[in-house]
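Architecture at a glance
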Amino acid sequence: MSSLSTPATGGSEPLLLLLDPVARQTDGESVRIAKDVLCGGADVKVAYPESSSELDRVLSHRGRRRPVVIGSDLALQRVLQALHRHRELGTDPVGMVPVGRSEELAAARALGVPGEPVPAARAVLSGAPRKLDLLVDDGGGVALGGVRIAGAGARRLIGRPGGWRSLWAKLAAAEQGNALTVEAAEQSSRIRVEADGRLLADVHRPVRLVQVSLPSGASDGSGVMEVVVRAPGALVRARAASVSVVGRGFGYEVDGRPVGPVRARTWTVHPGAWGLLLPAA
């Protein structure tokens, strides 16, 4: 990991820029532009964390600096995960300059982050923090864009293109030690799904897909999630504050990263759990 500091030239809060190493390879020009704008308006320290331990270290020593992610949705999710792990998620608003392929930035678009480096960087410098909900599971994980459980007939999730572009994504999968396999997808078709205690699916009927997400418009403070369960000949929708899934062993995908297999998992909405710097209205 390397870092550098640039003296302040404006009145913005000091920043800690967290660069996804792959962002520089994917679109080095956008990274350079974003850094130039941010360094021109604030006291900036730049870090290139290449592992979870390095990310933890730079965040724990950031002082008053606001974290700013330059990279993909998954890079942002990794930072939120680290802040949640250290119980610092709501301490400071987080900034983001999205850099990556279009499909890797869907959550950033939904959250209202400008898609181009200059307006995104300006939002970090002069924007306003917006409190957002977050999905948190009982294993300590967080989900930014949502969760998908693929059963029989939904194998296209397995090894989907683009799911491994970020180095941080690869590190996350290595830490899990188990990838989502075809066998796990087959087992996950026999699961029990409950939303706020209401039974949506049981093990006696195969499930093709379970999708859990925050409402459109991105974590609107409602404190509820949207749950969709697809089974042969059936489609069930629900809104709930908590959803639990139990099975013999199922894998799931969270923000493009495969997790599991696990036997049980519960996701709960944490209202207003974190703040994101967005363009002022």
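Being a predicted model, the structure only gives us computed values, none of them experimental. (Residues numbered from 1 in each chain as written. Predicted model: local features only at pLDDT ≥ 70, side-chain atom pairs only at ≥ 80, totals over all residues. Heavy atoms only, no water.)

Re the nonpolar core
Generally speaking, nonpolar side chains in soluble globular proteins are found buried as a group. Note the threshold: Think of a nonpolar core as a cluster: buried Ala, Val, Leu, Ile, Met, Phe, Trp, Tyr and Cys residues, connected wherever their side-chain atoms sit within 4.5 Å. When accessible area is computed with a 1.4 Å probe and restricted to protein chains, residues below 20% of their type maximum are described as buried, those above 50% as exposed, and intermediate ones as partly exposed. Runs of H or I in DSSP of at least four residues are treated as helices and runs of E of at least two as strands, each being numbered from the N terminus. Should any heavy atoms of two residues lie within 4.5 Å, those residues are counted as being in contact.
Ranked by internal contacts, the top residues of the largest apolar core, which has 29 residues, are Leu18, Leu59, Leu76, Leu80, Leu134 and Trp274. Mapped by element, the contributors of at least two residues to this core are β2 (15-19), α2 (52-60), α3 (73-85), α4 (106-111), β6 (128-137) and β15 (257-278). Among the elements that take part in this core, α3 stands out by supplying 6 residues, more than any other. Other than its neighbours up to four places away in sequence, Leu59 contacts Leu16, Leu18, Pro67, Val79, Ala82 and Leu83. Judged by nonpolar contacts, the second largest core, of 27 residues, contains Leu200, Met225, Phe250 and Val259.

With respect to the packing of helix α1 (residues 21-39) against helix α5 (residues 117-126)
Selection rule: Working convention: axes come from line fits to C-alpha atoms, limited for helices to the stretch in contact. Angles between N-to-C directions cover 0 to 180 degrees. Each crossing gets its handedness from the near helix: less than a right angle anticlockwise from the far helix is left-handed, clockwise is right-handed. Just so you know the grouping, Ala, Val, Leu, Ile, Met, Phe, Trp, Tyr, Cys and Pro go in nonpolar, Asp, Glu, Lys and Arg go in charged, and all remaining residues, Gly too, go in polar.
Interaxial distance between α1 and α5 falls to 9 Å at its minimum, and their mutual angle equals 30 degrees. Once α1 is placed against α5, the crossing between them reads as right-handed. Here Ser30, Ile33, Ala34, Val37 and Leu38 of α1 lie close against α5, whose contacting residues are Pro117, Val118, Ala121, Arg122, Val124 and Leu125. Looking at the contact of α1 with α5 residue by residue, the classes come out as 9 nonpolar, 1 polar and 1 charged.

A closer look at the packing of aromatic side chains
Applicable threshold: Any Phe, Tyr or Trp ring, taking Trp's six-membered ring, that has another such ring centre within 6.5 Å forms a pair; planes under 30 degrees apart are called stacked, those over 60 apart edge-to-face, and the others tilted.
If you walk through the whole model with that rule in mind, you get 2 aromatic pairs. Judged by centre distance (6.5 Å) and plane angle (45 degrees), the ring pair of Phe250 and Tyr252 falls under tilted. For Phe250, a relative accessible area of 0% puts it in the buried group. Tyr252 gets classed as buried once you look at its relative accessible area, which sits at 3%.

Side note on α3
To be explicit about the condition: Expected span, for any helix, means 1.5 Å times one less than how many residues it has.
With 13 residues, α3 extends 18 Å between its outermost C-alpha atoms, agreeing within 8% with the 18 Å of an ideal straight helix rising 1.5 Å per residue. Counting buried positions along α3 gives 11 out of 13 residues, so the element sits mostly inside the fold. Trailing α3 by a residue or two, Arg87 shows a phi angle of about 55 degrees, which is positive.

Regarding the environment of Arg109
Structurally, Arg109 can be placed in helix α4. The partly exposed category is assigned to Arg109, whose relative accessible area is 47%. C-alpha separation for the pair Arg109 and Pro98, spaced 11 residues apart in sequence, amounts to 8.8 Å.

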